[in-house]
Amino acid sequence: MFTKSKISAAVTGAIYAVVAAQAMAQEPEVEQIEVRGVRGSLSQSMNVKRQSSGVVDAISAEDMGKFPDTNLAESLQRITGVSINRVNGEGSEVTVRGFGGNFNLITLNGRQMPAANVSSITGNPLDQGSTGTTRSFDFSNLASEGVSGIEVYKTGKASIPSGGIGATININTLKPLSQGENRASIGAKAMRDESGDGITPEVSGVTNWSNEEHTFGVSLFGSYQERDSGSRTMSVERYDLETWGPDALETVGMQNANIVNAPEDGTLVAIPSNLGLGTNADNRERINGMLTLQYAPSDTLTLTADAAYARNEMESNSLIDGIWFARQFTDVEFDGNPVVATPVYLTEDIEGGKDFFFQNLIMGTKDELKSFGFNADWWVNDSLNLKFDVATSKATSGGNAPYGKNSLRFNVAGATAGWQTADFTRSIPQASIVIDDSLKGNNNGIFDLADVGTQVAQATESSQESNVEQFQFSGKWDKGADLVIDFGIGYLATEMEQNRLATQATLGGWGIDNPGDVPEGLLEVTCTACNFEDHAMTGVEGADANAQPAGSNTIALGSVSFKGNAVELLEAIAPTYGFTPGALPATGSDNNTVEEDIFAAYAQVTMDGEVGGMPLNVVVGARYEKTDVTSTASQRVPTDIVWLSDNDYNLVLGNDVVQLSADHSYENFLPNIDLSLSITDDIKARASYSVTLARPAYDQLYSATSVNVPNRPTYLGGAASGNAGNARLDPLESNNFDLSLEWYYGESSMVSIGYYRKDVDNFVGTQQVAEPLFGLLDANSGQAGTLSGDAVEALNAQGVTITERNFFTMAAILNNPDDFPGGASEFDESQAFADDVFSTYDIMAQAGDPEFQFELTRPINNQSARISGYEMAWQHFFGESGFGYQANFTIVDGDIGYDVASDPTVDQFALEGLSDSANLVLIYEKEGLSARIAYNWRDAFLDEVNRSVSSVRNPLFVDEYEQIDINVSYDFTEDFTMSLDVINLTEEGQRQYGRTYNNVFFVQELDRRYVLSARYNF
């Protein structure tokens, strides 16, 4: 791997060798770049597409410091085949032709960019424990004003670095000697996000300067942005999957329930674990800076040095109100789905009350990107051009909340959820609850501060650091006679390090052992539901009429909330329970490093000729790459899985650390051929074939094995799971075929249609085995002769249903004979008795317990798939009227989809990210007035085959999404422009679901944003 000292030596040597070869300096030729306005930008982009070999799309800045959209990803979605995912309502990562961010390569001025993104702050509370494992570049870290253009290479080319099966996306910044005159632009924006507080600023400036001889130039860009935003959310942690039948009634807690529309035997049923409603208040501060220096000592030599810096700090404060389903259902109605049936109405009566929780959450992240590069461009003579390029880049992402954490969570709750009912037929599910504070509270029937106590405090510290060091020596030989030869060699060294530490302190416990243990003044009574704007959060219709005891009044979930500052709560209360706020006990630890060293060499020939009198351009090339992979890990060894209560567990980590390492090497030969036939001066046909590759996700290459606790007792169908990496994975390799026809019938007008097909080998599937790990014993197996087996026998002898609650309660009684001298006879089936047992006793595995049989999954290269589709685009301006439009539609089809009826105990493979998409932009631009109305639509798509926040094999689908944006600007003078952007005009939100649309995991309400801008050029 290169070190900075080696890079410095290489740069110095290259400068000396190239400069010394110059005999004399001559006046350089200056390339004039003049693009202004929407029409000028579209014309420039159209010309890039027209003149390129292969399938290339582009976006050009409308003017210095002005990109078509306020966000780079949202500009990219206007290109055929490109769709985006949004985080907190803003474009973040791109999908190209069905391939998500991990399968697309992002370059800055032709150099590969490192990626680091611990995506804790997404609006979804279930992402608070996210780890940084991505190869995907987050476009929201870059300000659009510093970008001069973007190129999207959809077909492979020998001269382009590997890594993008979907596409290689190159971001270009200003080069001072390529500008026609010394210019500067300053801009100021005032943003009003209707979900945030007040108006937030953004300022930016960009300038380029060169001396009179155009031999030395400087370009400088800087920007500062703040954004206050927020959202309202609904979330379900998991849907447990069971096969319906007589034996399943007890498992799902419906043995005593009135069931409407019961599924047929053998049907999969999906039972929600909980229901939560939340609010988020988010703040972002983003700083960007770019500096480029160019020196041309002669007309044949140009030296360029550049630096880029980006910092994105985010903080979020959230409150989530929620209830858990205790599986003591009295009334259930299913949705009638014959494949996967889901309850749409659920009612249960919990004697003595169950936890009604309030998760107070503070999160903070800091992403940083640093990049330095040098380039020497030397025309040795009229025929030979040589280039030397070297760069070093670093991206980091980590915690920026107090104590350096990504997230700090403090749970308070009341053991007050007695009778409760939920309605999942609404677009946002709702619940109504009868408050029962008779056992743990002040027994006044009102949910107030005296009923509230602490549960647990959790903190997660997670980071990702990626380093890329690279150099490339390339050349072009153009002897005329319609023949050009490109060649080059390169070396790329990457290192990605991921760390995570999860901690937890049990305070009052999940059963709220100590109501009233929160000091006065740390909590306030609020109303989470009152913040929702698009949905009436009034609870379940008719709940009061059905409530038990008869005549009881219910409260809607979210109507009474207890809000506090998580850090203040932690610092005030944790020490009273014997914990240090910044150093809670560890429950999970990761430390993984993946290094990749890549040597590459390529050659490419460009030839011009004729076929039938029609001009034909042919590009034939090949790229060779050799990749060496080293994966290392430091792993703390788990020593026990403690059974805490009915379905709660804690993983205990020991102090022993093992060092793990694995190596792998592979070689690839990547050919390409592009044919471009000019049927007429305006009509061009293209055909391309290429082989491209994408490397496996970093977490698939880890050498460590992680352990996940079961979601319920193994005797009742729960399963502990584990995940192991595989450093010996090969890259995905795609054979790509493209055909397209383009008609350029006007200065700014064109229409195109294209077909593409990708035959991909080495997709990563899973190998699943059941095996013990780390000698961990199963305390809830129910096996005869063990403590849990004795509990099963005792419950059966008393004729008591073996539920999660009863199972743990009886096991705890039998495990503590000094406290229960009467043994099993002291068992009490009430919730109050169970809560006392939960809060007092934990169960450790004992000698004689069997080992856990972990469902261990390991990635392997065992899948192939075909992705194909069509791309259609039409760009048209009506003469000089000022009116025009831009429209495109993309069809994406794959041959392996997700089978929602599949066995939930078996992993399956499916293609993620595939969805159709469309864009329509209506344009008016004349006499200084410019207006655009942009509509974007993306169909529903599979985001995850196995949802990452749960061990249950549920997929994660993202619902279809559409958005309307408006931009109006006016040039008061040639140099002064004001504009107004309205983003997400109709306030579209987001919905995520599982095997069926009724398996709703996450719903997010989002708001429109207004951006008022002023820009002055001089």
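Just so it is clear, the structure is predicted and the values come from calculations on it, not from any experiment.

## Side note on the pairing of strand E32 (residues 721–724)
Alright, step 1. Strand direction decides the pairing type here: strand E31 (residues 705–708) and E32, joined by four bridges, are antiparallel. Looking at E32, one finds that Asn-708 is bridged to Ser-721.
Alright, step 2. Looking at chain direction, E32 and strand E35 (residues 854–877) are connected through three bridges and run parallel. Its bridge partner lying in E35, Gly-722 is registered against Leu-856.

## Observations regarding the packing of helix H7 (residues 787–798) against helix H8 (residues 804–815)
Alright, step 1. The geometry of H7 relative to H8 is characterised by a closest axis approach of 8 Å and an angle of 110 degrees between their N-to-C directions. By the angle between their directions, the pair H7 and H8 is classed as roughly perpendicular. Handedness of the crossing formed by H7 with H8: right-handed. Within the contact between the two elements, H7 uses Leu-787, Ser-788, Asp-790, Ala-791, Val-792, Ala-794, Leu-795 and Gln-798 and H8 uses Asn-806, Phe-807, Met-810, Ala-811, Leu-814 and Asn-815.
Alright, step 2. The residue inventory of the contact of H7 with H8, partitioned by class, reads nine nonpolar, four polar and one charged.

## Some words on the state of the cysteines
When the sulfur atoms of two cysteines share a covalent bond, that bond is a disulfide.
Alright, step 1. Here the structure, examined in full by the defined rule, presents one disulfide.
Alright, step 2. Shown here is the disulfide that connects Cys-527 with Cys-530, its sulfur atoms set 2.0 Å apart. Residues Cys-527 and Cys-530 share a disulfide whose torsion about the S-S bond is about 80 degrees; that sign makes it right-handed.
Alright, step 3. Using a relative accessible area of 19% as the deciding quantity, one classes Cys-527 as buried.
Alright, step 4. Among the residues examined, Cys-530 registers a relative accessible area of 59% and is labelled exposed.

## Some words on the environment of Asn-141
Alright, step 1. Residue placement: Asn-141 occurs in the loop between strand E5 (111–112) and strand E6 (149–153).
Alright, step 2. With relative accessibility at 12%, the residue Asn-141 sits in the buried group.
Alright, step 3. C-alpha separation for the pair Asn-141 and Glu-313, spaced 172 residues apart in sequence, amounts to 9.5 Å.
Alright, step 4. When neighbours within four sequence positions are excluded, Asn-141 is seen to be in contact with Arg-286, Asn-288, Ala-310, Asn-312 and Asp-367.

## Some thoughts on the sheet that holds strand E1 (residues 56–60)
Alright, step 1. Within the open sheet, the five strands sit side by side as E1-E6-E7-E4-E5. Their pairing is mixed. Both outer strands of the open sheet, E1 and E5, are each paired with one neighbouring strand and no more.
Alright, step 2. Relative to E5, strand E4 (residues 105–108) runs antiparallel, the two being bridged by two bridges. Residue pairing across strands places Thr-107 opposite Gln-112, the latter belonging to E5.

## Description of the sheet that holds strand E17 (residues 340–341)
Alright, step 1. Strand order in the open sheet formed by three strands is E11-E13-E17, and the pairing between neighbours is mixed. In this open sheet, the two edge strands, each paired with only one partner strand, are strand E11 (239–243) and E17.
Alright, step 2. Inspection of the sheet shows E11 paired to strand E13 (residues 268–272) by five bridges, in the antiparallel sense. The residue of E13 that forms the bridge with Leu-241 is Ala-270.

## Notes on the domain arrangement of the protein chain
Alright, step 1. By domain assignment, the protein chain separates into domain 1 (38–412 + 458–505 + 584–772 + 857–1017) and domain 2 (779–849).
Alright, step 2. Distance between the C-alpha centres of domain 1 and domain 2: 48 Å.
Alright, step 3. Between domain 1 and domain 2, the contact holds 19 residues from the first and 23 residues from the second.
Alright, step 4. Roughly 2000 Å² is buried in total at the junction of domain 1 and domain 2, and carbon and sulfur atoms are behind 56% of that figure.
Alright, step 5. Together, Trp-643, Asp-646 and Tyr-715 form the three largest contributors to the area buried by domain 1 at its contact with domain 2, with a combined 35%.
Alright, step 6. Where domain 1 meets domain 2, there are one salt bridge.
Alright, step 7. Arg-712 is the salt-bridge partner of Glu-804, the closest N and O atoms lying 2.6 Å from each other.

## Here we look at the side chain of Ser-231
Alright, step 1. Mapped onto the fold, Ser-231 is located in strand E10 (residues 216–235).
Alright, step 2. A polar atom in the side chain of Ser-231 sits 2.9 Å from the side chain of Asn-280.
Alright, step 3. There is a polar contact of 3.0 Å between the side chain of Ser-231 and the side chain of Gln-1004.

## Concerning the environment of Gly-404
Alright, step 1. Within the secondary structure layout, Gly-404 lies in the loop between strand E19 (384–399) and strand E20 (407–423).
Alright, step 2. Along the chain, Gly-404 and Asp-899 lie 495 residues apart, while their C-alpha atoms are 42 Å from each other.
Alright, step 3. Aside from chain neighbours lying at most four places away, what touches Gly-404 is Gly-399 and Glu-461.

## Section: a nonpolar patch on the surface
Alright, step 1. On the surface, a nonpolar cluster with roughly 530 Å² of combined accessible area is contributed by Trp-209, Phe-216, Leu-220, Leu-291, Leu-293 and Tyr-295.
Alright, step 2. Those elements that provide at least two residues to the nonpolar patch are E10 and strand E14 (274–298).
Alright, step 3. Broken down by element, the residue count for the nonpolar patch peaks at three residues, all from E14.
Alright, step 4. Look at Trp-209 and you get partly exposed, because its relative accessible area is 40%.

## Quick look at the pattern of salt bridges
Pairing between side chains of opposite charge can happen when their charged atoms approach one another.
Alright, step 1. All chains considered together, the criterion is met by 43 salt bridges.
Alright, step 2. For Asp-682, the salt bridge is made with Arg-50, and the minimal N-O distance between the two is 3.8 Å. Here Arg-50 lies in helix H2 (residues 37–51) and Asp-682 lies in the loop between strand E29 (649–678) and strand E30 (683–694), a separation of 632 residues in the sequence.
Alright, step 3. Here Asp-682 falls in the partly exposed class, since its relative accessible area comes to 35%.
Alright, step 4. One salt bridge connects Arg-311 with Glu-313, and the closest N-O pair in it is separated by 3.3 Å.
Alright, step 5. Three or more residues are tied together by salt bridges with common partners; here these are Lys-49, Asp-57, Arg-97, Lys-154, Asp-738 and Glu-871.

## Some details on the confidence of the model for the protein chain
Alright, step 1. Mean pLDDT for the protein chain: 91, with 96% of residues reaching 70 or above.
Alright, step 2. Here residues 1–35 scores under 50 on pLDDT; set against residues more than four positions off or in separate chains, the count is 62 contacts.

## Points about the pairing of strand E3 (residues 90–96)
Alright, step 1. Along E3, seven of the seven residues are buried, which leaves the element largely enclosed by surrounding structure.
Alright, step 2. Examined bridge by bridge, strand E2 (residues 82–87) and E3 share six bridges and lie antiparallel to one another. Bridge pairing in E3 links Val-87 to Glu-90.
Alright, step 3. Taking the residues that link successive antiparallel strands as the turn, the E2-E3 hairpin has two residues, and the phi of Asn-88 there is positive, at about 55 degrees.

## Quick look at unusual backbone geometry
Most peptide bonds adopt trans geometry, and most residues besides glycine take a negative phi value.
Alright, step 1. Here the bond from Gln-548 into Pro-549 is cis, since omega is -5 degrees, no more than 30 degrees from zero.
Alright, step 2. The residue Pro-549 is located in the loop between helix H5 (543–546) and strand E25 (554–556) in this model.
Alright, step 3. For Asn-88, which is not glycine, the phi torsion reads 55 degrees and is therefore positive.
Alright, step 4. You can see Asn-88 is positioned in the loop between E2 and E3.
Alright, step 5. A positive phi angle is found at Glu-927, which is not glycine, with a value near 50 degrees.

## Digging into the packing of aromatic side chains
The geometry of an aromatic ring pair comes down to the distance between the two centres and the angle between the two planes.
Alright, step 1. Inspection of every chain in the model, using the stated rule, returns 34 aromatic pairs.
Alright, step 2. When the ring of Trp-643 is compared with that of Phe-808, the centres are 5.1 Å apart and the planes differ by 80 degrees; the resulting orientation is edge-to-face. Here Phe-808 lies in helix H8 and Trp-643 lies in strand E28 (residues 614–643), a separation of 165 residues in the sequence.
Alright, step 3. Since its relative accessible area comes to 1%, Trp-643 is described here as buried.
Alright, step 4. Judged by relative accessible area, Phe-808 falls into the buried class, the value being 0%.
Alright, step 5. Connected via pairs of aromatic rings, a cluster forms that spans Trp-643, Tyr-715, Phe-807, Phe-808 and Phe-838.
Alright, step 6. In this arrangement the basic side chain of Arg-947 is found over the ring face of Phe-1001, its NZ or CZ atom lying 3.7 Å from the centre.
Alright, step 7. The ring of Tyr-997 carries Arg-991 above its face, with NZ or CZ at 4.2 Å from the centroid.

Rules used throughout
- Residues numbered from 1 in each chain as written.
- Predicted model: local features only at pLDDT ≥ 70, side-chain atom pairs only at ≥ 80, totals over all residues.
- Heavy atoms only, no water.
- Pairing = 2+ DSSP bridges.
- Helix = DSSP H or I, 4+ residues; strand = E, 2+ residues; numbered from the N terminus.
- Axes fitted to C-alpha atoms, helices over the stretch in contact; angles between N-to-C directions.
- Parallel < 35°, antiparallel > 145°, perpendicular 65-115°, else oblique.
- Left-handed = near helix turned anticlockwise from the far one by under 90°.
- Contact = heavy atoms within 4.5 Å.
- Nonpolar A, V, L, I, M, F, W, Y, C, P; charged D, E, K, R; others polar.
- Disulfide = S-S within 2.5 Å.
- Buried < 20%, exposed > 50% of the residue type's maximum accessible area, 1.4 Å probe, protein only.
- Domains from an automatic or database assignment.
- Buried area = accessible area lost by both parts, 1.4 Å probe.
- Salt bridge = Lys/Arg side-chain N within 4 Å of Asp/Glu carboxyl O.
- Polar contact = N/O pair within 3.5 Å; in protein donor to acceptor, adjacent residues only side chain to side chain.
- Patch = residues over 30% accessible without salt bridge, like charges linked within 9 Å, V, L, I, M, F, W, Y side chains within 5 Å.
- Areas by Shrake-Rupley, 256 points an atom, 1.4 Å probe, with all protein chains shown as cover.
- pLDDT = per-residue confidence, 0-100.
- Phe/Tyr/Trp six-rings, centres within 6.5 Å; stacked < 30°, edge-to-face > 60°.
- Lys NZ or Arg CZ within 6 Å of the ring centre and 35° of its normal.

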